[in-house]
Amino acid sequence: MIKEVSDLGKTNRDGKTDNEWIHDALKEEPISMEIVITKDGSYKEFKPFEKKMTIAEAITAKKGKARLLLDKVEEVLCYGGEGSKRKHELFLEKLTKYQDLCELTPVLAFYHENKVNGVEKALKEFEAAVPDEKNRKGNIAFRIFGEGIRIHEEPEVLRRIISEYEAVQKELLANTEKKCSICGKSDYPVEDIPHGMIKKVPGGQARDRALVSYNENAFESYELEGNNNSSICTNCARTYVEGLNWLLKEGNEIILQNKKGKEKKAFRYAHRKNFGSDTAMVYWTRKNAKLSEIDQLEAPNPDDVARLIESVATGTARDSRHLETDQFYSCTLSGSAARIAVRDWIETSLYDFRRSVAQWFKDIAIVEYDADLKRSKTHYARLYDLARSCQRKNSDGSYDKDDTSLARVATYLWNAALKNTSLPLWMLTKVLQRARLDQYGVTVDRAALIKLILNRHSKGGEFMITEKIEQGLRPVAYVCGQIFAKLESIQYAALGDRNSGIRERYFTYAMTSPASAFGRLFNLNSKHFTKLKNEKPGLAITLDKELRALCKDVDINSFPATFLLEEQGQFAFGYYHQKQAQFSGTKSKETKEEV
Ligand SMILES: [Zn+2]
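This text gives an overview of the structure that appears in the document. Keep in mind the model is a prediction, meaning the values are calculated, not measured. (Residues numbered from 1 in each chain as written. Predicted model: local features only at pLDDT ≥ 70, side-chain atom pairs only at ≥ 80, totals over all residues. Heavy atoms only, no water.)

### Quick word on the pattern of salt bridges
For clarity, the threshold we go by: Put simply, a salt bridge is a Lys or Arg side-chain nitrogen that is within 4 Å of an Asp or Glu carboxyl oxygen. Put simply, DSSP marks the helices as runs of H or I at least four residues long and the strands as runs of E at least two long, and each gets a number from the N terminus on.
Counted according to the given criterion, the structure contains 38 salt bridges. Arginine 160 is the partner of aspartate 100 in a salt bridge, and the nearest nitrogen-oxygen pair spans 3.1 Å. In this pair, aspartate 100 sits in the loop between helix 3 (83-97) and helix 4 (105-111) while arginine 160 sits in helix 7 (residues 155-174), placing the two residues 60 residues apart along the sequence. The salt bridge involving arginine 548 is made with aspartate 544; its shortest N-O contact spans 2.7 Å. Placement of the pair is arginine 548 and aspartate 544 together in helix 20 (residues 537-551), with a separation of four residues, close to one helical turn.

Pasting the structure below:
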């Protein structure tokens, strides 16, 4: 994985033309202010401005180091008491190292020969001249009065930084024979120093974390164990850090409209999705291909999904050759304390990626009755909603934020969508549990998830659930679910809306222990039926006929004593299908009568 992220870091992602200053020795750094001095080193003024980027000496692991001519106020002016003394010394030592550069002469005068008019005066005026706290915390650079370019950006200065860097690298290389485990070369030395920090991985308090750390026990990823002792050259270390940071932050601002038409700004990541409070997935392809399929997973549009399925089904050999040469990558990252856990790593050809996403939509497709349109339609659940359908809820109906399984479920679903893998059965336990405890029962998203789990589990061998209600030969558990739905509608017809109907009271019982549960349910039903026959004889006869038709498909006198987990899934599904069919059935009858 580190190799692919490092390769990404090595590519020219932003389309910038190559220039001399793209070098390991240099890095883009933020800058918030300039100290303007004269050629003789006298302080002239501070110029604070909105933070921007500048090219400067690259420093990995800043602690105990100072950057040439661009650093914080502690380093530059010894501002901030005792603690800044050592920092300031480091800054001056760095200047001394480069003192033979004539570009530095005014700065050296500012610190030494012209001290009273230089550094001391600047320190005195700092607080008054820079009232804004934000600027005070930023990086400061030097500029000569009347000149446009900052001293640290002078070509001679940059060239010298590069040559210093290369000299150090050469020496390090001479002392080591080690080959880099990522690029397999020994062009750059392998150093036992911390790699750069990865920013913006969610979870916990820390903001910046290391992915690879030589700290003992610090590397806790099941996928990448063994990398603990791996050796990564300085170039690969820099590029994987850059690549990963780019994936985590790249995006653009978009304008969203809420239901009232009010506009709101939001940030849209280009290569990242967040799941839960502590997990993010990043994804990309080697050739930087556009991945509209990922957006489909997030917000499926039935027409686009249909086009995707169609194009995969009819794809020509030429398409596949084109797509096979590009690779799709994704990794799932979670932050905890100071480290990053890699929860999942996916690598597949772009061709297989598209086929998997198409298969995903086929597997989660499910019929749903749309009350507004007054007809049934195919529902494609958002991946996030599928994960949510397993999440615990609080007593007030809101989602329980402490239920950490959300990210875990989402990680499996993401893998299932992109690699066409099957899902663990504990997820079925979870979604059935939610369907039993939640007031909305077997929702369309839960049904879609159950279908996905069951069908991928049976791999086409046994009973496969389709989008619409099943006809003909079907498992006993599925028919029991249908019967249960029918019994529920008879109760509803007889007694109206009840706070605690048979679903609330018997659903779990019937799904797990059908023999004893249905004994009781049929007894209860004969009472409901008698009441209904007196009040609405026509409806009573129709419903009873439908119930009998379902009962013909099973031996109602010998229901199994228990249903196993997968059968419980089939039960829930039979129930869901039957309900949807009843919705559309009764509604279409109603519409006919209206006409
Ligand atoms: Zn390398």
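### Remarks on helix 19 (residues 514-535)
Note the following rule: Helix span, as expected, comes to 1.5 Å for every residue beyond the first. Here the term buried applies to any residue with accessible area under 20% of the maximum for its type, exposed to any over 50%, and partly exposed to those in between, with areas from a 1.4 Å probe on protein chains only. Note: the arc covers the axis-to-C-beta directions of the helix.
For helix 19, spanning 22 residues, the distance from its first C-alpha to its last is 30 Å, which sits close to the expected 32 Å at 1.5 Å a residue. When helix 19 is considered as a whole, its buried residues turn out to be Pro514, Ala517, Phe518, Leu521, Asn525, His528, Phe529 and Leu532. The buried residues of helix 19 occupy an angular sector of 115° when projected down its axis, which confines them to one face. For helix 19, the exposed residues lying more than 90 degrees away from the buried face are Asn523, Lys527 and Asn534.

### So, the coordination of the zinc ion
Here is the rule we go by: Listed donors are limited to N, O and S atoms within 2.8 Å of the metal, widened to 3.2 Å for Na, K and Ca; water is not among them, so incomplete-looking sites are possible. Four donors are marked tetrahedral only if all angles between them lie between 85 and 135 degrees, whereas four are marked square planar and six octahedral if opposite donors are more than 155 degrees apart and the other angles lie between 65 and 115; the remainder are marked irregular.
Summarising the metal site, the zinc ion is bound by the protein donors Cys180 (SG), Cys183 (SG), Cys233 (SG) and Cys236 (SG), whose distances to it range over 2.2 to 2.3 Å. Here the zinc ion is ringed by four donor atoms whose angles at the metal span 103 to 122°, and the overall shape comes out tetrahedral. Read N to C, the donor residues that coordinate the zinc ion are spaced as C-x2-C-x49-C-x2-C. We note that cysteine 233, like cysteine 236, is buried.

### Here's the deal with the packing of helix 18 (residues 502-512) against helix 19
This is how the line gets drawn: Axes here refer to lines fitted to C-alpha atoms; in helices the fit is confined to the stretch in contact. Angles between the N-to-C directions go from 0 to 180 degrees. Note on definitions: a residue-residue contact is assigned when non-hydrogen atoms from the two residues lie within 4.5 Å. Under the scheme applied here, ten amino acids are nonpolar (Ala, Val, Leu, Ile, Met, Phe, Trp, Tyr, Cys and Pro), four are charged (Asp, Glu, Lys and Arg), and all others, including Gly, are polar.
Orientation of helix 18 relative to helix 19, taken along the N-to-C sense of each, is 145°, at an axis distance of 7 Å. Where helix 18 approaches helix 19, its residues Ile502, Tyr506, Tyr509, Ala510 and Thr512 are matched on the opposing element by Pro514, Ser516, Ala517, Phe518, Arg520, Leu521 and Leu524. Tallied by class, residues from the contact of helix 18 with helix 19 come to nine nonpolar, two polar and one charged.

### A closer look at the sheet that holds strand 4 (residues 140-144)
Pairing between sheet strands relies on hydrogen bonds along the backbone, with the strands arranged either parallel or antiparallel. Short version of the rule: In this description, strands pair whenever DSSP reports at least two bridges between them.
Read across the sheet, four strands follow the order 2-1-4-3 without closing on themselves; strand pairing throughout is mixed. On the outer flanks of this sheet lie strand 2 (43-57) and strand 3 (70-71), each paired with one strand and no other. In the sheet, strand 1 (residues 26-37) pairs with strand 2 via eleven bridges, with the strands oriented antiparallel. When the bridges of strand 2 are listed, isoleucine 35 appears paired with phenylalanine 46.

### Considering the sheet that holds strand 11 (residues 327-336)
Strand order across the open sheet formed by four strands is 9-10-11-12, with antiparallel pairing between neighbours. Of all strands in the sheet, those bounded by a partner on one side alone are strand 9 (272-275) and strand 12 (339-349). Along the sheet, successive strands turn relative to each other by an average axial angle of 20°, direction set aside. In this sheet, strand 11 lies alongside strand 10 (residues 279-285) in antiparallel orientation, the contact comprising seven bridges. Looking at strand 11, one finds that alanine 280 is bridged to leucine 333. Where helix 8 (residues 234-249) meets the sheet, its contacts fall on strand 9, strand 10 and strand 11, and the angle it forms with strand 10 comes to roughly 110°.

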